[in-house]
Amino acid sequence: MAKVSKKICLVGDFGVGKTSLIRRFVDRQFDDRYLSTVGVKISRKLVELDPSLPDIATSEVQLLIWDLEGRNKFKAIVPSYLQGARGAILVADISRPGTLRSLEEHLDQFCTINPKSKVMVALNKADLLNEGLPIDTSSLKAVDDHSQVVKRYFTSAKTGDQVDDLFVRLTYQMLRS
Amino acid sequence: MSTTDSVDSNSAIKRSSDTTSQDSIAQNFTESSPENGEIQSVEDGEDALEQLRVLLLGNGISHLENQMGNMQGSLNKVEHVLFDSQELLDRLVPIGVELISREISESRDEMCDVLAPIIDRLIYERGKEDLESMGEAISLALPSAIQAQIESSPETLARVLGPEISAAIRTQMDLKHGAIAEAIAAEMGEAIQRQIELDRDVMVDALYPIIGGTINKYLQEVINDINEKVSDSLSPEGIKRKVRARMQGVSEAELILRESSRFSARAAFLIHKESGLVIAEAQSEDAESLESDMLAGMLTAIRSFAADCVIADDGGSELNEIEYGSSRILLEVAGYCYVAVIASGEVPKVYLHKLRNTFGSLVQNYRKEISEFEGDLGTVPEDVTTRLSWLIEQGSSKEKKNSDDKESFPVVTWALGGIGVAIVGLFGFFSYQNYRVNQLETAAIESVAQDPTLGLYNLTAALDGDRMVMRGRVPSDNLRILAEHRMTTAVGAIDDGIAVDNQVRAVNVPPNPTAVAAEVHRTIQLFNQREGVNLDPAYRLRYDPASDTTQGEVTVNGSVGAVPVSEVRSALATIPGVDQVVTNLEPIMPKIGTRLYFSVGSANVVTIDRQVKLTPISNLLKRSPQVRLKIIGYSPSDETGGGQGLALERSRLVRQDLIERGIAPNRLEAEGRVGVPEDVTATSPDWAGRSVAFQAIP
Ligand SMILES: Nc1nc2c(ncn2[C@@H]2O[C@H](COP(=O)(O)OP(=O)(O)O)[C@@H](O)[C@H]2O)c(=O)[nH]1
Ligand SMILES: [Mg+2]
C-alpha cells in the first residue's frame, strides 16, 4: 500500500511544553539543532492504525510534526509554516492562565489558514493538578465550541499521560475528514 | 567537524537577482567574539544584571554594540540566579503589572529605573527557585523595552546588531535546546528582520550553518573523497596533480576540489509547497529514502523563512539555489509544488535546462494531482517518479577518457535529426560505433560510481576491443572484486561479448580514522532507523601484536531488535578500515507461551502436542539461529509419582524430540523443577502444573 503522510503543527505559547510533548510521542527525534533559528523543528512518526475501523483505509500513516517555536506571544509565528497542515495540537500550560487565554487566538490563526483541518487541545502539565493546582477552564468556552476542535485533553509530557491518545486520536480524525 | 568547517567558507546562497559580497561576511565572522555562548558562574549575577539593565535602559547605542554579544551570557546568568524564586515573583509581578499598564512609550525609562535596582537586589538576595514564573514576569518587560528601543531608532539599532547576529545565531545553535537559546531566538527574530532590511549579506551568512546541517549527510561523501585524495598525495596520481598544479598556476587543493566537484545529482524531490510533504522522489542508490520527508519539510521551512524574511522585500524573486561547499540544492518553484535537486559539483547549463523543462512539463501534465495532493503517494502517477529518476540519471557523473568528444555526441545526433535524412547514411555507421562505445562506457562507469561503497574511488572504464578495461585504486580486495562484479553485470546487460578486464589495484591505503568513524556512524544510523534498533558504535585503532599491525576495531553496544546480529556485523565489516567488529548486543528474544501438559506420573508427550506445539517451536528455532531454548519441566510437589526426576525427564524427552527435528543439541537446555510455573496458582486446574514451559535465551 502506498505511503500516506500528513503534516500536523503544534501551536501554543512559549514554554507550554510543545517540544516536550513531541519528544514523548516520537521516540527517535531528528537532531533538532538545525532549524532553531528558522523557528521550526520537524519530527516524524509512523502511527499504526486499525484498518477495520470505519473509514480507515490504510494501516499506517506517517505524521510529520512541525514544532513551531521560539516565537512567543510578542511575535507571531510565520503563518506560512502553518500552511498545508491537516491537523494541529493547540497546547496550553495549566499552570499559566495566560497560555489558556491565548489558545483562542492560536486557534483562529490556524483555522483561517487551514479551514479543512482538525484540532486537538492539550492542557499540558496536568501532573501539576495532582499537586493541588487549581484550574479555571472558563476561558475555554469558545475553543471547546469551535467546529474544528475535536477534543480537549489533560496531558502531561512529564508522565506521558494522554500523550499517545492525543496524537493517535488526531490521526484518526484527520483521515476521516 | 573541522572538515565541514573548511567547506563552510565556500558557501553561498544565491538568489535570482543580486549576488552577495563574500568579503564583508568573512570579516563579520572573524570579528565575532568567541565568548558569546559561555555560561558564567552564578556569582557574576549582579554584574550580569547591570549589563542587562544598561541594555534595557538603552544607555546609548554604542553601549548596545558592546552588550549585545554578552546578552545571551547575561540571560544565562539570570536564568541561574532566578531559578524558582517565589518571593521574587511575588514582589516583582505587581510592579511589572502596574508599570506595564501605563503607556510604555512614556514610562519606559522610569520603568527600567524602578525595575532594574529591584531585580538587582532580589537576585542578589535570593538564589535558585522558580525560574519559569520569573521568566514569564521578565518576559513581560523585556520585549516592551526592546520594542521601544526599536521604535525609537530602528535603523541604528539594526546596524549595530548586524555584525553580532550571525555570531549569536551560531552560539545559539551550539547551546542546543537550552531555554535561553529559545528565548533569545524569539527576540532575535525581530532584530533579524530589521537587520535584513539593511544588510542582507550578514543574514545570508548566518543561514549557512543551518542549511549546511541539513545536507551535511550528502556532503560527507564529498569530504571523504577529498580526504582520500589528500592522503594519496604521494601516489603517482598525486604527483601528477602537483605537476599539473604548477603548470596551471593553481593550488593543489583547488585542483583536488575541482576533481571532486564533478557534477552529480544525488536526489530529486518533488515537494508540496505548503505542507512540505514529498510528492515523489528519486534518489541515486546510496541515499536512503527515510530522510526524504524530513529533508523536504526542512527545505520547505527554510523556503518559507527566506520568503518571509530575506526575499519578500526585494521584488518577488525566489530562493533558487542553496550552495554549500561543493554541494548544492537546486530549487525550481511552481504554483503548488517545487522541485529540489541535491547535487554536488558545478551545475552544467544543460542540466538546468533539463531540470526546468522536466519540471515544467510535470507541472503542466499533473496539475490536478499535484494541487490536490493530500499526502497519499498512491494518488501520484508513476510517471512523475519516472521523470524525477531521469533527472538523476542525467545528473549522474560520467567520467570518461575522452569525455569532451563523447559528451557532445548526443547533441550531434539531435542536430542531424533536425537537418534531414540525407546525410544520415554518411554518418550512420560512425555514429552507431560512437554511440555504442559511449553507452557501454557510461554503463560501466555508472555501475561503480553509483555504488555507495565504490563511488568514492574514481574508477575508470575504457573499451579496448572486446575488453572493458577498469582501472583505479581501492583500499581492499573485497572492493576490487565488488567493482568487477558490478561492472560485469552492467556491461553484460548491454553486450555479453564484452569481458571486464579488472586492472583495479587493491592498495592498503591506511584509512583516515575520522572518515572511517564517520562511515561507521552513518552505517549504524541506517540500522537505528529500524524498529526496536538502538545501536551505539565506537571505533578505535588497536595495535595487534600478533600481526604487528594496527587494526580498526568497531565495538557496538545496544539492542538489535529483530535484526540479525550478523547483518550488522557484515555491514560494518565492508567498511574499509574496519578489521574487526565486536558486538555486544541484546537481541529481543521471542516470547514462547506454549506449554505441554502431562498425565499424572507420566513424561510422555501427547502425539497431538508433538504436531501442534513442537513443530512451531522447532520452526522458530530454525528461523532464528541466534536464539537458544531453555526447556523447563515441572512436577508439582504433590504429584503422585512425581519429583525432580520426573520433571527433568519431561524436559529431556521434549529436548530429544527437538534434536530429532534437526536442532543443534547445544542450543537446547533441559532442566527439571519440583513445583509449578509462576503463573499457575492454587485456583488453576491441577494438570496446569504438570507441564513443560519454554524460554528463548540468547
Ligand atoms: N511538570 C511538567 N513540566 C513540563 C511538562 N511539559 C513540559 N514541561 C516543562 O516545561 C518547560 C517548557 O517545555 P517545552 O517543551 O520546551 O515548551 P515549548 O516552548 O512549548 O516547546 C520545560 O522546562 C519542560 O520540562 C509537563 O507535562 N509537566
Ligand atoms: Mg519548544
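Everything numeric here is computed off the predicted structure, so don't read it as measured data.

### Some details on the overall build of chain B
Along the backbone of chain B there are 24 helices and 18 strands. Sequence separation of 24 or more characterises 71% of the internal contacts of chain B that already satisfy a separation of 6 or more. Here chain B has roughly 33500 Å² of accessible surface; of this, 52% comes from carbon and sulfur atoms.

### Describing the site of ligand 1
All names here are of chain A. Surrounding ligand 1, one finds 16 residues, the nearest of these being Gly15, Thr19, Ser20, Asp127 and Ala157. In the environment of ligand 1, an oxygen atom lies 2.8 Å from a nitrogen or oxygen atom belonging to the backbone of lysine 18. Protein burial of ligand 1: of its 580 Å² of free accessible surface, 75% is covered by the chains. With three residues, helix α1 (residues 18-25) is the largest single contributor of residues to the shell around ligand 1. Residues that form the shell around ligand 1 fall into these classes: four nonpolar, six polar and six charged.

### Here we look at the environment of B:Gly472
Residue and element names in this part refer to chain B. For glycine 472, the location among the structural elements is in the loop between β8 (467-471) and β9 (473-474). Taking relative accessible area as the criterion, glycine 472 reaches 22% and is therefore assigned partly exposed. If near-sequence neighbours (up to four positions away) are discounted, glycine 472 is found in contact with Leu459, Gln503, Val504 and Arg505.

### Side note on unusual backbone geometry
Residue and element names in this part refer to chain A. The phi torsion at aspartate 55 lies on the positive side, around 65°, for a residue other than glycine. As for its position among the elements, aspartate 55 is in the loop between β2 (40-48) and β3 (60-68). In this structure, lysine 125 is a non-glycine residue whose phi angle is positive, near 70°. Mapped onto the secondary structure, lysine 125 falls in the loop between β5 (118-124) and α4 (141-145).

### Regarding a nonpolar patch on the surface
All names here are of chain B. Taken together, Val606, Ile608 and Val612 make up a surface patch of nonpolar side chains, about 260 Å² in accessible area. By the element assignment, valine 612 lies in helix α23 (residues 607-623). Given a relative accessible area of 52%, valine 612 falls into the exposed group.

### A word on the nonpolar core
Among the nonpolar cores identified, the biggest contains 57 residues, and A:Leu103, B:Leu270 and B:Leu388 are the most heavily contacted of them. Broken down by element, the residue count for this core peaks at five residues, all from helix α14 (residues 349-365) of chain B. Not counting the four nearest positions on each side in its chain, A:Leu103 is found in contact with A:Leu90, A:Val91, A:Ala92, A:Val121, A:Leu123, A:Leu140 and A:Val143. With 26 residues, the next largest nonpolar core counts A:Val47, A:Leu63, A:Ile65 and A:Phe167 among its residues.

### Quick notes on the confidence of the model for chain A
Residue and element names in this part refer to chain A. Across chain A, pLDDT averages 85, with 87% of residues at or above 70. Counted against residues more than four places away or in other chains, residues 28-36, with its pLDDT under 50, gives 29 contacts. Every residue in residues 71-75 scores below 50 in pLDDT, and together they form 18 contacts with partners more than four places removed in sequence or on other chains.

### Quick look at the pattern of salt bridges
What the rule picks out here adds up to 24 salt bridges over all chains. A salt bridge links B:Arg661 to B:Asp657; its shortest N-O distance comes to 2.6 Å. Its relative accessible area of 24% is what places B:Arg661 among the partly exposed residues. Each member of the salt-bridge network shares a partner with another, and the members are A:Lys6, A:Arg86 and B:Glu374.

What counts as what
Residues numbered from 1 in each chain as written. Chains lettered and ligands numbered in written order. Predicted model: local features only at pLDDT ≥ 70, side-chain atom pairs only at ≥ 80, totals over all residues. Heavy atoms only, no water. Helix = DSSP H or I, 4+ residues; strand = E, 2+ residues; numbered from the N terminus. Contact = heavy atoms within 4.5 Å. Areas by Shrake-Rupley, 256 points an atom, 1.4 Å probe, with all protein chains shown as cover. Near = heavy atom within 4 Å. Polar contact = N/O pair within 3.5 Å; in protein donor to acceptor, adjacent residues only side chain to side chain. Nonpolar A, V, L, I, M, F, W, Y, C, P; charged D, E, K, R; others polar. Buried < 20%, exposed > 50% of the residue type's maximum accessible area, 1.4 Å probe, protein only. Patch = residues over 30% accessible without salt bridge, like charges linked within 9 Å, V, L, I, M, F, W, Y side chains within 5 Å. Salt bridge = Lys/Arg side-chain N within 4 Å of Asp/Glu carboxyl O. Core = buried A, V, L, I, M, F, W, Y, C linked by side-chain atoms within 4.5 Å. pLDDT = per-residue confidence, 0-100.

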